[in-house]
Amino acid sequence: MKFIISLVFILSFVNIVSAQRNKLDQDRENFFRAGIKAGVNINKIQGTSYKEGYNYNYQAGAFLQFNFSSRFGLQPEVNFVQTTSEFTDDNSNIYNDLFRDGTQKNAKLNYLEIPLLLNVNVGPSKRVKLQLGPSFGNLLKETVDSLKNPRSIFKKADVSAIGGLWLQLPLINLGARYKIGLNNINAYDDREVWRNQAFQFFIGITL
(Lines give C-alpha, C1' and ligand atoms only; values in the text may rest on other atoms or scores of the structure.)
Protein backbone atom coordinates (compact mmCIF):
# COMPACT_ATOMS: atom_id res chain seq x y z
CA MET A 1 0.00 0.00 0.00
CA LYS A 2 2.82 2.38 0.87
CA PHE A 3 4.49 1.46 -2.41
CA ILE A 4 1.34 2.33 -4.40
CA ILE A 5 0.94 5.66 -2.57
CA SER A 6 4.60 6.46 -3.18
CA LEU A 7 4.26 5.55 -6.85
CA VAL A 8 1.17 7.74 -7.25
CA PHE A 9 2.99 10.63 -5.53
CA ILE A 10 6.03 10.24 -7.80
CA LEU A 11 3.90 10.06 -10.96
CA SER A 12 1.93 13.13 -9.88
CA PHE A 13 5.14 15.06 -9.21
CA VAL A 14 6.58 14.07 -12.60
CA ASN A 15 3.35 15.11 -14.31
CA ILE A 16 3.40 18.55 -12.63
CA VAL A 17 7.06 19.11 -13.53
CA SER A 18 6.39 18.02 -17.13
CA ALA A 19 3.43 20.39 -17.43
CA GLN A 20 5.49 23.29 -16.08
CA ARG A 21 8.32 22.47 -18.48
CA ASN A 22 5.94 22.39 -21.44
CA LYS A 23 4.53 25.75 -20.39
CA LEU A 24 8.02 27.23 -20.15
CA ASP A 25 8.90 25.77 -23.56
CA GLN A 26 5.89 27.47 -25.09
CA ASP A 27 6.89 30.82 -23.61
CA ARG A 28 10.63 30.47 -24.18
CA GLU A 29 12.10 33.03 -26.58
CA ASN A 30 14.90 32.48 -29.01
CA PHE A 31 17.96 34.64 -28.53
CA PHE A 32 17.50 36.11 -32.02
CA ARG A 33 14.29 36.96 -33.86
CA ALA A 34 13.42 39.18 -36.81
CA GLY A 35 10.28 40.54 -38.39
CA ILE A 36 8.39 43.24 -40.23
CA LYS A 37 5.59 45.59 -39.23
CA ALA A 38 3.39 48.37 -40.60
CA GLY A 39 0.78 50.73 -39.24
CA VAL A 40 -0.40 54.27 -38.68
CA ASN A 41 1.64 57.29 -37.60
CA ILE A 42 -0.66 59.86 -35.92
CA ASN A 43 1.54 62.92 -35.79
CA LYS A 44 1.79 66.65 -35.38
CA ILE A 45 4.58 69.22 -35.28
CA GLN A 46 4.60 71.28 -32.10
CA GLY A 47 5.15 74.97 -32.66
CA THR A 48 3.24 78.28 -32.63
CA SER A 49 3.14 78.35 -36.43
CA TYR A 50 1.36 75.00 -36.74
CA LYS A 51 -2.31 74.15 -36.50
CA GLU A 52 -3.42 72.09 -33.52
CA GLY A 53 -4.56 68.52 -34.06
CA TYR A 54 -3.01 65.33 -35.34
CA ASN A 55 -2.59 64.05 -38.88
CA TYR A 56 -2.91 60.42 -40.00
CA ASN A 57 0.01 58.96 -41.93
CA TYR A 58 1.72 55.62 -42.29
CA GLN A 59 4.84 53.79 -41.22
CA ALA A 60 6.49 50.53 -42.24
CA GLY A 61 9.71 48.80 -41.33
CA ALA A 62 11.71 45.83 -40.12
CA PHE A 63 13.25 44.90 -36.78
CA LEU A 64 15.63 42.53 -35.01
CA GLN A 65 15.25 41.19 -31.47
CA PHE A 66 18.11 40.09 -29.22
CA ASN A 67 16.72 38.45 -26.07
CA PHE A 68 19.64 38.50 -23.65
CA SER A 69 17.71 37.09 -20.68
CA SER A 70 14.23 36.10 -19.54
CA ARG A 71 13.58 39.76 -18.68
CA PHE A 72 15.58 42.03 -20.97
CA GLY A 73 16.26 42.35 -24.68
CA LEU A 74 17.33 44.82 -27.34
CA GLN A 75 15.35 45.72 -30.47
CA PRO A 76 16.91 47.80 -33.26
CA GLU A 77 14.63 48.81 -36.12
CA VAL A 78 14.68 50.52 -39.50
CA ASN A 79 11.41 52.30 -40.36
CA PHE A 80 10.06 54.50 -43.11
CA VAL A 81 7.79 57.10 -41.46
CA GLN A 82 5.68 59.78 -43.11
CA THR A 83 4.79 62.96 -41.20
CA THR A 84 2.49 65.80 -42.29
CA SER A 85 1.51 69.15 -40.82
CA GLU A 86 -0.22 72.40 -41.72
CA PHE A 87 0.88 75.95 -40.99
CA THR A 88 -1.68 78.21 -39.31
CA ASP A 89 -3.54 80.87 -41.29
CA ASP A 90 -3.26 83.37 -38.42
CA ASN A 91 -2.27 86.78 -39.83
CA SER A 92 0.03 87.32 -36.88
CA ASN A 93 2.10 84.30 -37.82
CA ILE A 94 5.73 85.35 -37.84
CA TYR A 95 6.40 83.05 -40.79
CA ASN A 96 3.98 84.63 -43.26
CA ASP A 97 7.04 85.85 -45.14
CA LEU A 98 7.80 82.24 -46.03
CA PHE A 99 4.75 81.77 -48.22
CA ARG A 100 3.15 83.17 -51.33
CA ASP A 101 -0.48 84.29 -51.24
CA GLY A 102 -1.72 80.75 -51.82
CA THR A 103 -3.81 79.04 -49.18
CA GLN A 104 -1.89 75.76 -49.35
CA LYS A 105 0.61 75.68 -46.49
CA ASN A 106 1.01 71.97 -45.93
CA ALA A 107 4.24 70.15 -45.20
CA LYS A 108 5.01 66.49 -45.87
CA LEU A 109 8.14 64.93 -44.39
CA ASN A 110 9.47 61.46 -45.15
CA TYR A 111 11.90 60.06 -42.58
CA LEU A 112 14.12 57.02 -42.34
CA GLU A 113 14.12 56.28 -38.61
CA ILE A 114 16.32 53.92 -36.60
CA PRO A 115 14.93 53.25 -33.10
CA LEU A 116 17.11 51.38 -30.60
CA LEU A 117 14.75 50.06 -27.95
CA LEU A 118 15.17 48.24 -24.66
CA ASN A 119 12.58 45.47 -24.26
CA VAL A 120 11.48 44.68 -20.71
CA ASN A 121 9.19 41.66 -20.33
CA VAL A 122 6.08 42.41 -18.27
CA GLY A 123 4.86 39.32 -16.41
CA PRO A 124 6.05 35.71 -16.65
CA SER A 125 4.70 34.91 -20.14
CA LYS A 126 7.17 37.12 -22.07
CA ARG A 127 4.33 38.09 -24.40
CA VAL A 128 4.02 41.72 -23.26
CA LYS A 129 7.08 43.95 -23.53
CA LEU A 130 7.64 47.48 -22.30
CA GLN A 131 9.73 49.37 -24.86
CA LEU A 132 11.89 52.40 -24.13
CA GLY A 133 14.67 54.08 -26.06
CA PRO A 134 15.86 56.69 -28.55
CA SER A 135 15.08 56.99 -32.24
CA PHE A 136 17.37 58.61 -34.78
CA GLY A 137 15.64 60.00 -37.87
CA ASN A 138 17.03 61.24 -41.18
CA LEU A 139 14.82 63.45 -43.35
CA LEU A 140 14.76 61.87 -46.82
CA LYS A 141 12.36 64.31 -48.47
CA GLU A 142 10.39 67.41 -47.54
CA THR A 143 7.57 69.00 -49.51
CA VAL A 144 6.16 72.36 -48.40
CA ASP A 145 3.41 74.02 -50.44
CA SER A 146 3.41 77.70 -51.43
CA LEU A 147 6.99 78.52 -50.43
CA LYS A 148 8.22 81.82 -51.89
CA ASN A 149 11.73 80.44 -52.32
CA PRO A 150 12.35 76.70 -52.65
CA ARG A 151 14.59 75.83 -49.74
CA SER A 152 14.80 73.41 -46.86
CA ILE A 153 13.10 74.73 -43.72
CA PHE A 154 13.42 71.48 -41.71
CA LYS A 155 16.60 70.02 -40.28
CA LYS A 156 17.76 66.70 -41.64
CA ALA A 157 18.28 65.09 -38.21
CA ASP A 158 15.47 64.31 -35.80
CA VAL A 159 16.20 62.68 -32.43
CA SER A 160 13.21 61.34 -30.48
CA ALA A 161 12.37 59.36 -27.36
CA ILE A 162 9.99 56.39 -27.61
CA GLY A 163 7.89 54.61 -25.00
CA GLY A 164 5.33 51.92 -25.66
CA LEU A 165 4.03 48.37 -25.35
CA TRP A 166 4.67 45.39 -27.64
CA LEU A 167 2.45 42.29 -27.66
CA GLN A 168 4.38 39.30 -29.00
CA LEU A 169 2.11 36.45 -30.08
CA PRO A 170 3.65 33.26 -31.54
CA LEU A 171 3.69 34.75 -35.05
CA ILE A 172 1.89 38.12 -34.95
CA ASN A 173 3.12 41.23 -33.13
CA LEU A 174 1.02 44.24 -32.13
CA GLY A 175 2.23 47.52 -30.68
CA ALA A 176 1.42 51.02 -29.53
CA ARG A 177 3.96 53.80 -28.93
CA TYR A 178 4.32 57.46 -28.08
CA LYS A 179 7.18 59.39 -29.70
CA ILE A 180 8.34 62.87 -28.70
CA GLY A 181 11.00 64.87 -30.52
CA LEU A 182 13.99 65.99 -28.46
CA ASN A 183 15.63 68.45 -30.86
CA ASN A 184 14.46 71.53 -32.74
CA ILE A 185 13.81 70.66 -36.40
CA ASN A 186 13.41 74.32 -37.46
CA ALA A 187 16.17 74.96 -39.99
CA TYR A 188 14.82 78.36 -41.08
CA ASP A 189 15.76 80.43 -38.01
CA ASP A 190 15.74 80.37 -34.20
CA ARG A 191 12.51 82.32 -33.62
CA GLU A 192 10.51 79.16 -32.90
CA VAL A 193 11.13 75.63 -31.73
CA TRP A 194 9.50 72.89 -33.80
CA ARG A 195 9.33 69.32 -32.52
CA ASN A 196 7.78 66.15 -33.90
CA GLN A 197 5.24 64.29 -31.79
CA ALA A 198 3.35 61.09 -32.66
CA PHE A 199 1.27 58.15 -31.53
CA GLN A 200 2.11 54.99 -33.47
CA PHE A 201 0.07 51.77 -33.80
CA PHE A 202 1.19 48.78 -35.82
CA ILE A 203 0.81 45.08 -36.60
CA GLY A 204 3.43 42.75 -38.00
CA ILE A 205 4.95 39.29 -38.32
CA THR A 206 7.78 37.93 -36.17
CA LEU A 207 9.87 35.03 -37.50
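Owing to the predicted nature of the structure, the values given are computational and were not obtained by experimental measurement. (Residues numbered from 1 in each chain as written. Predicted model: local features only at pLDDT ≥ 70, side-chain atom pairs only at ≥ 80, totals over all residues. Heavy atoms only, no water.)

Participant: Account for the overall build of the chain, naming residues and giving values.
Facilitator: The secondary structure content of the chain amounts to 1 helix and 8 strands. Listing every helix and strand of the chain by position from the N terminus yields α-β-β-β-β-β-β-β-β. Counting all 207 residues of the chain, 39% fall into the buried class. Here the contacts in the chain between residues at least 6 apart in sequence split such that 67% fall between residues at least 24 apart. Just so you have it, the chain exposes about 11,500 Å², and 65% of that area is on carbon and sulfur atoms. (Helix = DSSP H or I, 4+ residues; strand = E, 2+ residues; numbered from the N terminus. Buried < 20%, exposed > 50% of the residue type's maximum accessible area, 1.4 Å probe, protein only. Contact = heavy atoms within 4.5 Å. Areas by Shrake-Rupley, 256 points an atom, 1.4 Å probe, with all protein chains shown as cover.)

Participant: How would you summarise a nonpolar patch on the surface if you had to cite specific residues and measurements?
Facilitator: A cluster of nonpolar residues, Ile36, Leu167, Leu169, Leu171, Ile172, Leu174, Ile203, Ile205 and Leu207, forms a patch on the protein surface that exposes about 750 Å² of accessible area. Secondary-structure assignment places Leu207 in the segment after β8 (195–206). (Patch = residues over 30% accessible without salt bridge, like charges linked within 9 Å, V, L, I, M, F, W, Y side chains within 5 Å. Salt bridge = Lys/Arg side-chain N within 4 Å of Asp/Glu carboxyl O.)

Participant: Now, about unusual backbone geometry: what can you tell me, with residues and values included?
Facilitator: Glycine aside, negative phi is the norm for most residues, and most peptide bonds take the trans geometry. Its identity is not glycine, yet Ser146 carries a phi of approximately 65°, on the positive side. With respect to the secondary-structure elements, Ser146 resides in the loop between β5 (128–144) and β6 (157–168).

Participant: Talk me through the pairing of β6; I want residue IDs and the actual numbers.
Facilitator: Judged by which residues are buried, β6 turns out to be one-sided: Asp158, Ser160, Ile162, Gly164, Trp166 and Gln168 face inward and are buried, whereas Ala157, Val159, Ala161, Gly163, Leu165 and Leu167, on the alternate face, are not. The sheet contact formed by β5 and β6 spans 11 bridges and is antiparallel. When the bridges of β6 are listed, Gln131 appears paired with Gly164. (Pairing = 2+ DSSP bridges.)

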